[in-house]
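# Survey of secondary and tertiary structure
Single-letter residue listing:
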Amino acid sequence: VQLQAFGGGLVQAGGSLRLSCAPSGHAFRGYVVAWFRQAPGKEREFVAGIRRNSGLTYYEDSVRGRFTISKDNDENTVWLQMNSLKPEDTAVYYCAADRGVILSSMRDGRAYSFWGQGTLVTVSS
């Protein structure tokens, strides 16, 4: 499965962006889809995830209440709506997907086999 991530850009603090992640030639049915990010000089970290079958969502504490992960009904796209952006949200954002990711592994990037190319989000102060 090839993933395509779009929507990054430059935004002022307090602004919003929406990222999208779509599979190429494949539907997300049955997959867990997650967003990770990596800031310069820092390790990759989990941002948010969604279980496509159940629709259950999970968030990293620093983004909960500001970011929303969602899916469309035709199983093709997962969105990450990012509101009230802060300079510390600046990072390259990656979407990842795999089947059978158990709850305890959702925040671990090693649980995902498929990754998008990354999209840069820059939040200016």
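Each value, and the rule that gives it
Residues numbered from 1 in each chain as written. Predicted model: local features only at pLDDT ≥ 70, side-chain atom pairs only at ≥ 80, totals over all residues. Heavy atoms only, no water. pLDDT = per-residue confidence, 0-100. Helix = DSSP H or I, 4+ residues; strand = E, 2+ residues; numbered from the N terminus. Buried < 20%, exposed > 50% of the residue type's maximum accessible area, 1.4 Å probe, protein only. Polar contact = N/O pair within 3.5 Å; in protein donor to acceptor, adjacent residues only side chain to side chain. Contact = heavy atoms within 4.5 Å. Salt bridge = Lys/Arg side-chain N within 4 Å of Asp/Glu carboxyl O. Phe/Tyr/Trp six-rings, centres within 6.5 Å; stacked < 30°, edge-to-face > 60°. Lys NZ or Arg CZ within 6 Å of the ring centre and 35° of its normal. Core = buried A, V, L, I, M, F, W, Y, C linked by side-chain atoms within 4.5 Å.

Moving on to the confidence of the model for the protein. Mean pLDDT over the protein stands at 93; residues scoring 70 or higher make up 99%. Here strand E1 (residues 2-6) is the element of the protein with the lowest mean pLDDT, 91, and strand E2 (residues 9-12) is the one with the highest, 98.

Attention shifts here to the side chain of Asp89. Within the element layout of this structure, Asp89 appears in the loop between strand E8 (78-82) and strand E9 (91-99). Here Asp89 falls in the buried class, since its relative accessible area comes to 1%. A polar atom in the side chain of Asp89 sits 2.8 Å from the backbone nitrogen of Lys86. Beyond its immediate stretch of four places on either side in the chain, Asp89 contacts Arg37, Arg66, Phe67, Ser84, Val121 and Val123.

Quick look at the pattern of salt bridges now. Applying the stated criterion to the full structure yields six salt bridges. Here Asp61 makes a salt bridge to Arg64, at a shortest N to O gap of 2.7 Å. A residue is classified by how much of its surface remains accessible, and Asp61, at 58% relative accessible area, is exposed. The partner of Asp89 in a salt bridge is Arg66, and the shortest N-O contact between them spans 2.8 Å.

Before going further, it helps to examine the packing of aromatic side chains. Enumeration according to the criterion identifies five aromatic pairs in this entry. Ring centres of Phe36 and Trp115 lie 5.2 Å apart, and the angle between their planes is 50°; this geometry places the pair in the tilted category. Here Trp115 lies in strand E10 (residues 114-115) and Phe36 lies in strand E4 (residues 31-38), a separation of 79 residues in the sequence. Trp115 sits in the partly exposed class, given a relative accessible area of 26%. Through a chain of ring-to-ring contacts, the aromatic side chains of Phe36, Phe46, Tyr112 and Trp115 assemble into a single cluster. We note Arg18 situated over the ring of Trp79; from NZ or CZ to the ring centre the distance is 3.9 Å. The ring centre of Phe36 lies 5.7 Å from the NZ or CZ of Arg44, which sits over that ring.

Mapped onto the elements of the fold, Arg52 is located in the loop between strand E5 (45-51) and strand E6 (57-59). For Arg52, a relative accessible area of 2% puts it in the buried group. A distance of 2.9 Å separates a polar side-chain atom of Arg52 from the backbone oxygen of Asp72. A distance of 3.4 Å separates the side chain of Arg52 from the backbone oxygen of Thr77, its partner in a polar contact.

Considering soluble globular proteins, one finds that nonpolar side chains tend to be buried as a cluster. Counting residues in each nonpolar core, the largest one holds 28 residues, and the members touching the most others are Trp35, Leu80, Met82 and Tyr93. Contributing elements (two or more residues each) for this core: E1, strand E3 (17-24), E4, E5, strand E7 (67-71), E8, E9 and strand E11 (119-124). Tallying contributions element by element places E9 first for this core, with four residues. The residues touching Met82, leaving out its near neighbours within four places in the chain, are Gly15, Ser16, Leu17, Leu19, Arg66, Phe67, Tyr93 and Val121. Within the second largest apolar cluster, nine residues are counted, among which are Phe36, Ala96, Val101 and Met106.

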